[in-house]
Amino acid sequence: MPVSGLVVTLSTDEAAARDAVAWLSSDERFDVGATAADHARRLPLTLETADEAANRACWDELQAHPGIEFADVVCVFFA
């Protein structure tokens, strides 16, 4: 089971960024952290999926979301 620590950069389009945060917060694969006041567009989160195929599918969703400009991988663990 892959568990990834990520930091996503949200879009400068505030509506798209809000939509991304709402999606990430409602999706049980993600645990969303809090943004820092001086880095409001950077959102820490963890991603937990059942297997590598599910992990890849989630990455495709992250990259396609208009409210997310980039996702940095901080760490990956396999349980």
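Here's a quick rundown of the structure.

## Concerning the nonpolar core
- Within the largest apolar cluster, 16 residues are counted, with the highest numbers of intra-cluster contacts made by Val8, Leu24, Phe30, Leu45, Leu62 and Ile68.
- Residue assignment for this core shows that the elements contributing at least two residues are β1 (2–10), α1 (14–26), β3 (42–48), α2 (52–64) and β4 (68–78).
- A total of four residues in this core trace back to one element, the largest contributor, which is α1.

## Brief notes about the state of the cysteines
- Taken as a whole and assessed by the stated rule, the structure comprises zero disulfides.
- Cysteine Cys58 is unpaired, with the sulfur of Cys75 as its nearest cysteine sulfur at 15 Å.

## Let's talk about α1
- Taking 1.5 Å as the rise per residue, α1 with 13 residues should run 18 Å; its terminal C-alpha atoms sit 18 Å apart, in good agreement.
- Within α1, the full set of buried residues consists of Ala16, Ala17, Ala20, Trp23 and Leu24. Along the axis of α1, the buried positions cluster into a sector of 125 degrees, meaning they face one direction only. In α1, those exposed residues whose orientation departs by more than 90 degrees from the buried face are Glu14, Arg18 and Ser26.

## A closer look at the pattern of salt bridges
- The final tally for this structure, using the stated rule, is five salt bridges.
- Note that Arg29 is salt-bridged to Glu61, the shortest N-O span being 3.1 Å. Remark: Glu61 occurs in helix α2 and Arg29 occurs in the loop between α1 and β2 (30–32); sequence separation between them is 32 residues.
- What makes Arg29 partly exposed here is its relative accessible area of 21%.
- Given the relative accessible area of 34%, Glu61 is considered partly exposed.
- It is possible to trace a salt-bridge network through shared partners that takes in Asp27, Arg29 and Glu61.

## As for a nonpolar patch on the surface
- A cluster of nonpolar residues, Val73, Val76 and Phe78, forms a patch on the protein surface that exposes about 300 Å² of accessible area.
- Positionally, Val76 belongs in strand β4.
- When its relative accessible area of 38% is taken as the criterion, Val76 is described as partly exposed.

Rules behind the numbers
- Along each chain, numbering runs from 1 in the same order as the chain's sequence is written.
- Confidence filtering applies because this is a predicted model: local features only for residues at pLDDT of at least 70, side-chain atom pairs given and counted only at 80 or more, and all residues used for totals across whole chains, interfaces and linings.
- Heavy atoms from the whole structure form the basis of all side-chain values; hydrogens and water molecules are not counted.
- By convention a nonpolar core is built from buried Ala, Val, Leu, Ile, Met, Phe, Trp, Tyr and Cys residues, the set being connected through side-chain atoms within 4.5 Å.
- Only protein chains enter the calculation, and the probe is 1.4 Å; a residue is then buried if its accessible area is under 20% of its type maximum, exposed if over 50%, and partly exposed in between.
- Strands here are runs of E lasting at least two residues and helices are runs of H or I lasting at least four, both read from the DSSP assignment and numbered beginning at the N terminus.
- The disulfide criterion used throughout: a pair of cysteine sulfur atoms within 2.5 Å.
- To estimate how far a helix should reach, multiply one less than its number of residues by 1.5 Å.
- When we speak of the arc, we mean the arc of directions from the helix axis to the C-beta atoms.
- The term salt bridge refers to a pairing of a side-chain nitrogen on Lys or Arg with a carboxyl oxygen on Asp or Glu at a separation within 4 Å.
- Patches draw on residues past 30% relative accessible area with no salt bridge. Two like charges within 9 Å are joined, as are two nonpolar side chains (Val, Leu, Ile, Met, Phe, Trp, Tyr) within 5 Å.
- Here the accessible surface of atoms and residues is derived via Shrake-Rupley with a 1.4 Å probe, and residues count as covered only by protein chains that are part of the display.

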